[in-house]
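One-letter residues, chain by chain:
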Amino acid sequence: MSIALRKPEEIEKLYVANQVVAKTLKYLSENVKAGMTLKEVDAMGEKFINNLGARPSFKGLYGFPNAICTSLNEVIIHGIPSDVVLKEGDILGIDIGTEVDGWYGDSAITMPIGKISKKDEELIACSKDALYYAIDIIKDGMRFKELSKAIEDFITKRGYQPLVRFCGHGIGRKPHEEPEIPNYLEYGSTKSGPKIKNGMVFCIEPMICQKDREPIILKNGWDVVSADGLRGSHYEHTVAVVNGRAVILSRQED
């Protein structure tokens, strides 16, 4: 496994791509409303990305047909935008990737559509809180398996399950690079595997199921749901390890 170590000037280029993602997520979170279709959300996002001088990197990636992933309610990740109309009480995962001058950005949120239930608020909070917990504990010299186990423990202590067989990942000159970063300890010991080092850039993305961590891919070949059929949530940031700690490249700046 070869994990790239980025120079400061390369991290700055990755920051530029990730700020397009951050701005687009902020724009969508403020403007997506009940009554819109998922295809309209996708079109809004693609236009905004293009207007910032970037390219939506998901479009065509592995054959994905749209600019952004719109994962509605039971769909946890990789939702294909459709003609489905958003309604009050829905929860919507929005995952965005961008490319600027050959460098990539990636981040995701799960947002409420209008007023949502307390149960769904707690579900969304788990993925968001798990993400920031993971970012806070990252340090130079920590093993990725330690990070995966810590994320899993955080999620299960909240009473939820991490989605399996999907994971966070490295990012840089490609949208997906080494290493793979599961939200659970897949095998082996936390004292094995590669260590986190200064200069590494990667995406952390907790994907939360309510009861069953096994994924099912729907007939369209993309939408991923939990085997329990219940709603899920997803949050993601791109981080760079600088001076021994994680710095969020996709943070939404004021």
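Looking at an unreviewed UniProt entry, the protein carries the name Methionine aminopeptidase, with the source organism given as Aliarcobacter trophiarum LMG 25534. Per UniProt, the comment on the protein under Catalytic activity (unreviewed entry) is "Release of N-terminal amino acids, preferentially methionine, from peptides and arylamides." Its UniProt record gives the protein a comment under Subunit (unreviewed entry), which states: "Monomer."

Student: I would appreciate a short explanation of the overall build of the protein in the present structure.
Tutor: Looking only at helices and strands, the protein has four helices and 15 strands in total. Here the protein has a C-alpha radius of gyration of 17 Å; the compact-globule value for 254 residues is 18 Å, and the two agree. A total of 254 residues make up the protein; the buried ones form 55% of that total. Sequence-distant contacts, at least 24 apart, represent 73% of the contacts inside the protein between residues at least 6 apart. Of the roughly 11200 Å² of accessible surface on the protein, 50% is carried by carbon and sulfur atoms. Here the protein holds 33 positive side-chain charges and 36 negative ones, and the gap between their average locations is 3 Å.

Student: For this particular structure, what's the right way to read the packing of aromatic side chains?
Tutor: For any two aromatic rings, the description comes down to two numbers: the centre-to-centre distance and the angle of the planes. Applying the stated criterion across every chain, the model contains four aromatic pairs. Between Tyr27 and Phe48, the ring centres sit 4.4 Å apart and the planes meet at 10 degrees, which makes this aromatic pair stacked. Of this pair, Tyr27 sits in helix α1 (residues 8-31) while Phe48 sits in helix α2 (residues 38-51), and the two are 21 residues apart along the sequence. Classification of Phe48 by relative accessible area gives partly exposed; the value is 22%. Ring centres of Tyr133 and Phe154 lie 5.0 Å apart, and the angle between their planes is 25 degrees; on these two criteria the pair is classed as stacked. Here Tyr133 is found in helix α3 (residues 118-137), whereas its partner Phe154 is found in helix α4 (residues 144-157), with 21 residues between them in sequence. Assessed through its relative accessible area of 32%, Tyr133 is described here as partly exposed. Note on Phe154: relative accessible area 18%, which makes it buried.

Student: Before we go on, may I ask you to explain the packing of α3 against α4 in this structure?
Tutor: Each pair of packed helices can be described by the angle between their axes along with the distance between the axes. Closest axis-to-axis distance for the α3/α4 pair is 10 Å, and the angle between their directions is 145 degrees. Pair α3 / α4 crosses with right-handed handedness. Only Leu147, Ala150, Ile151, Phe154 and Ile155 of α4 make contact with α3, whose side of the interface consists of Cys126, Asp129, Ala130, Tyr133, Ala134 and Ile137. Within the contact of α3 with α4, the residues separate by chemical class into ten nonpolar, no polar and one charged.

Student: Can you walk me through the pattern of salt bridges in this structure?
Tutor: A side chain with one charge can pair with a side chain of the opposite charge if their charged atoms come near. Taken as a whole and assessed by the stated rule, the structure comprises twelve salt bridges. Here Lys26 and Glu30 are joined by a salt bridge, their closest N and O atoms 2.9 Å apart. Taken together, the positions of Lys26 and Glu30, both in helix α1 and four residues apart, correspond to about one turn of that helix. We classify Glu30 as partly exposed; its relative accessible area is 44%. Arg165 is paired through a salt bridge with Glu214; the nearest N and O atoms lie 2.7 Å apart. Note that Arg165 is positioned in the loop between β6 (161-162) and β7 (167-170) and Glu214 in the loop between β10 (207-209) and β11 (215-217), a separation of 49 residues in sequence. Classification of Arg165 by relative accessible area gives exposed; the value is 55%.

Student: Is there a simple way to explain the UniProt feature "domain: Peptidase M24" (unreviewed entry) in the protein in this structure?
Tutor: The feature "domain: Peptidase M24" (unreviewed entry), as given by UniProt, occupies residues 14-241 in the numbering adopted here. Between the end C-alpha atoms of residues 14-241 there is a gap of 13 Å, over a span that is 29% helix and 27% strand.

Student: Help me out: how do you make sense of the pairing of strand β14 (residues 237-242) in this one?
Tutor: On a regular strand, one side chain projects to one face of the sheet and the next to the other, so that they alternate. Burial analysis of β14 places five of its six residues in the buried class, which makes it a mostly covered element. Strand direction decides the pairing type here: β14 and strand β15 (residues 245-248), joined by four bridges, are antiparallel. Of the residues in β15, the one forming a bridge with Val239 is Ile248. Where β14 folds back onto β15 in an antiparallel hairpin, the turn is made up of two residues, including Asn243, whose phi is positive at roughly 55 degrees.

The rules behind these values
- Residues numbered from 1 in each chain as written.
- Predicted model: local features only at pLDDT ≥ 70, side-chain atom pairs only at ≥ 80, totals over all residues.
- Heavy atoms only, no water.
- UniProt positions renumbered as here; feature names shortened; annotations may be inferred.
- Helix = DSSP H or I, 4+ residues; strand = E, 2+ residues; numbered from the N terminus.
- Rg over C-alpha atoms; globule rule 2.2 N^0.38 Å.
- Buried < 20%, exposed > 50% of the residue type's maximum accessible area, 1.4 Å probe, protein only.
- Contact = heavy atoms within 4.5 Å.
- Areas by Shrake-Rupley, 256 points an atom, 1.4 Å probe, with all protein chains shown as cover.
- Lys, Arg positive; Asp, Glu negative; His and termini not counted.
- Charge placed at Lys NZ, Arg CZ, Asp CG, Glu CD.
- Phe/Tyr/Trp six-rings, centres within 6.5 Å; stacked < 30°, edge-to-face > 60°.
- Axes fitted to C-alpha atoms, helices over the stretch in contact; angles between N-to-C directions.
- Left-handed = near helix turned anticlockwise from the far one by under 90°.
- Nonpolar A, V, L, I, M, F, W, Y, C, P; charged D, E, K, R; others polar.
- Salt bridge = Lys/Arg side-chain N within 4 Å of Asp/Glu carboxyl O.
- Pairing = 2+ DSSP bridges.

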